[in-house]
Every structure is written in C-alpha cells, then in structure tokens.
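# Residue-level structure breakdown
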Amino acid sequence: MPVLDALIDSSLAVLANGYAWLPDRRRRTAAPAVRARVMGQHAVALHGPEAVRSFYDEGHVKRRTALPVRC
C-alpha cells in the first residue's frame, strides 16, 4: 500500500487534517521516510535523527529545487 499512497495526491488530506496528515501517514509504515504527492509534486518526509542527518549530507542528496535553499 505505501507505493499506492505515493501515487495518490495527498492535498485533500492536508486540507482536511492540516499537518496531522503526515504523522498519520507515517504511522502506517515503519520506514524512516514517507513518499507522498502534495499539490501534484513529489515529496519525501523524513523521520528520526539518522534520516535527517542523511538528508543534510550533500553526499547523499543532490539539491536542485529542494528545500532548504542554501545561500
């Protein structure tokens, strides 16, 4: 089901539940990352210190239009 969840846009869930949609979605999987689509854009939500460290390590992530913007 997680792959199907990533294909379905979550915009309505965000509007209906606010930021609570993400913790609800994360509880359905044991993974440290949750894939989603919001307003037609692919998104990845990370959970836990190790996942966040990996995200900020520029050896793992190539930034193009991703946030946060580095100046």
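The text that follows walks through the structure, step by step, so that each part is easy to find. Just so it is clear, the structure is predicted and the values come from calculations on it, not from any experiment.

## Quick look at the overall build of the protein
Along its length, the protein carries four helices and two strands. Taken from the N to the C terminus, the helices and strands of the protein come in the order α-α-α-β-β-α. Going through the 71 residues of the protein one by one, you find that 14% of them count as buried. Within the protein, residue pairs in contact and separated by at least 24 positions form 28% of the contacts whose partners lie at least 6 positions apart. For the protein, the exposed surface amounts to about 5,800 Å²; the carbon and sulfur share of it is 62%.

## Considering a nonpolar patch on the surface
A cluster of nonpolar side chains, contributed by Val44, Leu46, Val52 and Tyr56, occupies part of the molecular surface with about 330 Å² of accessible area. The set of elements that each furnish at least two residues to the nonpolar patch consists of strand E2 (41-46) and helix H4 (49-56). Assignment of secondary structure puts Tyr56 in helix H4.

## Some words on the pattern of salt bridges
Under the definition given, this model contains two salt bridges. Its salt-bridge partner being Arg27, residue Asp24 comes within 2.7 Å of it at the nearest N-O pair. Of the two residues, Asp24 and Arg27 both sit in helix H3 (residues 21-27), three residues apart, roughly one turn of that helix. Judged by relative accessible area, Arg27 falls into the exposed class, the value being 59%.

## Things to note about the side chain of Ser10
Turning to its location among the elements, Ser10 is positioned in the loop between helix H1 (2-7) and helix H2 (11-17). Not counting residues up to four positions away in its chain, the partners in contact with Ser10 are Trp21, Arg25, Ala36, Arg37 and Val38.

## Here's the deal with unusual backbone geometry
The phi dihedral of Met39 falls on the positive side, at around 55°, and the residue is not glycine. The residue Met39 is located in the loop between strand E1 (33-38) and E2 in this model.

## So, the pairing of E1
Two strands pair when backbone bridges link them, and E1 and E2 are joined in this way by six bridges, in the antiparallel orientation. Opposite Ala36, over in E2, you have Ala43 as the bridge partner. Here E1 folds back onto E2, and the loop between the two strands holds two residues, one of which, Met39, carries a positive phi near 55°.

Rules of the game
Residues numbered from 1 in each chain as written. Predicted model: local features only at pLDDT ≥ 70, side-chain atom pairs only at ≥ 80, totals over all residues. Heavy atoms only, no water. Helix = DSSP H or I, 4+ residues; strand = E, 2+ residues; numbered from the N terminus. Buried < 20%, exposed > 50% of the residue type's maximum accessible area, 1.4 Å probe, protein only. Contact = heavy atoms within 4.5 Å. Areas by Shrake-Rupley, 256 points an atom, 1.4 Å probe, with all protein chains shown as cover. Patch = residues over 30% accessible without salt bridge, like charges linked within 9 Å, V, L, I, M, F, W, Y side chains within 5 Å. Salt bridge = Lys/Arg side-chain N within 4 Å of Asp/Glu carboxyl O. Pairing = 2+ DSSP bridges.

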